[in-house]
Amino acid sequence: MGDRHLQAVALKPAREEWFRWAGVVIDRLTTCVHIYSKPPHDDVFVADSERQGKNGRTLDLLRRIHALTDEADTPTDSLDDLEHHDERVIAGLAVLLRDMMNLLPDLSADMQKFLKSPWYDNCNGRLATELFRGPLGREPEGIGSGYTEHGRLPLALQELLEQEQAGDTRPMRDALHREDKPQRQDEAQQRRRNPRYLRSAGQVE
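Report on the accompanying structure.

What counts as what
- Residues numbered from 1 in each chain as written.
- Predicted model: local features only at pLDDT ≥ 70, side-chain atom pairs only at ≥ 80, totals over all residues.
- Heavy atoms only, no water.
- Helix = DSSP H or I, 4+ residues; strand = E, 2+ residues; numbered from the N terminus.
- Buried < 20%, exposed > 50% of the residue type's maximum accessible area, 1.4 Å probe, protein only.
- Contact = heavy atoms within 4.5 Å.
- Phe/Tyr/Trp six-rings, centres within 6.5 Å; stacked < 30°, edge-to-face > 60°.
- Lys NZ or Arg CZ within 6 Å of the ring centre and 35° of its normal.
- Arc of directions from axis to C-beta.
- Expected span 1.5 Å × (residues − 1).
- Salt bridge = Lys/Arg side-chain N within 4 Å of Asp/Glu carboxyl O.
- Axes fitted to C-alpha atoms, helices over the stretch in contact; angles between N-to-C directions.
- Parallel < 35°, antiparallel > 145°, perpendicular 65-115°, else oblique.
- Left-handed = near helix turned anticlockwise from the far one by under 90°.
- Nonpolar A, V, L, I, M, F, W, Y, C, P; charged D, E, K, R; others polar.
- Core = buried A, V, L, I, M, F, W, Y, C linked by side-chain atoms within 4.5 Å.

**Notes on the overall build of the protein chain**
- Assigned secondary structure in the protein chain consists of seven helices and zero strands.
- In sequence order, the secondary structure elements of the protein chain are arranged as α-α-α-α-α-α-α.
- With 205 residues in all, the protein chain has 42% of them scored as buried.
- For the protein chain, long-range pairs separated by at least 24 residues make up 72% of all intrachain contacts whose partners lie at least 6 apart in sequence.

**Quick word on the packing of aromatic side chains**
- Taken as a whole and judged by the stated rule, the model has two aromatic pairs.
- A ring pair is formed by W119 and Y120, whose centres lie 5.7 Å apart and whose planes are at 90°; its orientation type is edge-to-face.
- The aromatic ring of F19 is capped on one face by R15, whose charged end is 4.0 Å from the ring centroid.
- Seen from the ring of W21, R20 lies directly overhead, with NZ or CZ sitting 4.2 Å from the centre.

**Here's the deal with helix α4 (residues 126–133)**
- Listing the buried residues of α4 in full gives A128, L131 and F132. Projected down its long axis, α4 shows its buried positions confined to an angular sector of 85°, all on one face.
- Within two residues after α4, G134 carries a phi angle of roughly 95°, on the positive side.

**Examining the environment of L96**
- Here L96 is to be found in helix α3 (residues 79–115).
- The spacing of L96 and I65 is 31 residues in sequence and 6.7 Å in space, taken between C-alpha atoms.

**Digging into helix α1 (residues 15–37)**
- For α1, built from 23 residues, the straight-helix expectation of 33 Å at 1.5 Å per residue is met to within 8% by its first-to-last C-alpha distance of 33 Å.
- Among the 23 residues in α1, 19 count as buried, and that is most of the element.

**With respect to unusual backbone geometry**
- The phi angle at K116 is positive, at roughly 50°, despite the residue not being glycine.
- Within the fold, K116 resides in the loop between α3 and α4.
- Phi angles above zero are rare outside glycine, and N122 is one such case at about 50°.
- Looking at the element boundaries, N122 is found in the loop between α3 and α4.

**Points about the pattern of salt bridges**
- If you walk through the whole model with that rule in mind, you get 14 salt bridges.
- The salt bridge involving R126 is made with E130; its shortest N-O contact spans 3.0 Å. Residue R126 and its partner E130 are located together in helix α4, separated by four residues, close to a single helical turn.
- According to the relative accessible area criterion, E130 is partly exposed, its value standing at 27%.
- A cluster of three or more residues bridged by salt bridges with shared partners is formed by K12, E87, E164 and R170.

**Describing the packing of α1 against helix α2 (residues 48–69)**
- Where α1 meets α2, the axes come as close as 9 Å, and the angle between the chain directions of the two elements is 155°. Accordingly, the angle class assigned to the pair α1 and α2 is roughly antiparallel. The crossing of α1 and α2 is left-handed. Here F19, A22, V25, I26, L29, T30, C32, V33, Y36 and S37 of α1 come into contact with α2, specifically with R51, K54, N55, T58, L59, L61, L62, I65, H66 and T69.
- Residue composition of the contact of α1 with α2, by class: twelve nonpolar, six polar and two charged.

**A few points about the nonpolar core**
- In this structure, I65, M100, F132 and L157 are the most contacted members of the largest nonpolar core, which totals 43 residues.
- At the level of secondary structure, the elements contributing two or more residues to this core comprise α1, α2, α3, α4 and α5 (152–166).
- Among the elements that take part in this core, α3 stands out by supplying 14 residues, more than any other.
- Setting aside chain neighbours within four positions, we find I65 in contact with A22, V25, I26, L29, L93, L96 and L97.

Right, dumping it as structure tokens:
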């Protein structure tokens, strides 16, 4: 029969893939928190208590995802410890990204109202375009309608979670030690490492 008849091993998403999408979610949630934190346009009717409640819920999810992706306490003394740590983090991210998917339809509806912009095309300004369609035209990173059937971030998160569930094994981490990893150059990632970043995210202007 030969090896040709052996069933291929299905791979789970790499640790780097999980962190990439967690970073995208952090950026989109941060934008939403800033929008919730500001009083809406005069012709947008929403009770302050409702807006602040939604802001608190969104900020709580943002902080929980950020805490999981903070690598300050990552063990580096052995590969086994590192892999065990990564699996715990990924298990937590899977729960939080499902929470994000459940939140996205309402989040998109609110953002469309507050920004007075459609999600699908001709968005009202750069902020709305980056939120709904993704920064620099990277549409899988935009929240779209919030529903998976319309693609973009909801579909990307669904596919990530489905691949995790269907996979048998995970690719090894790129590097064992933090100092071996390439420095992050992305501006949004640098902002996330700033300790003032989350404090400013929930401020009400």
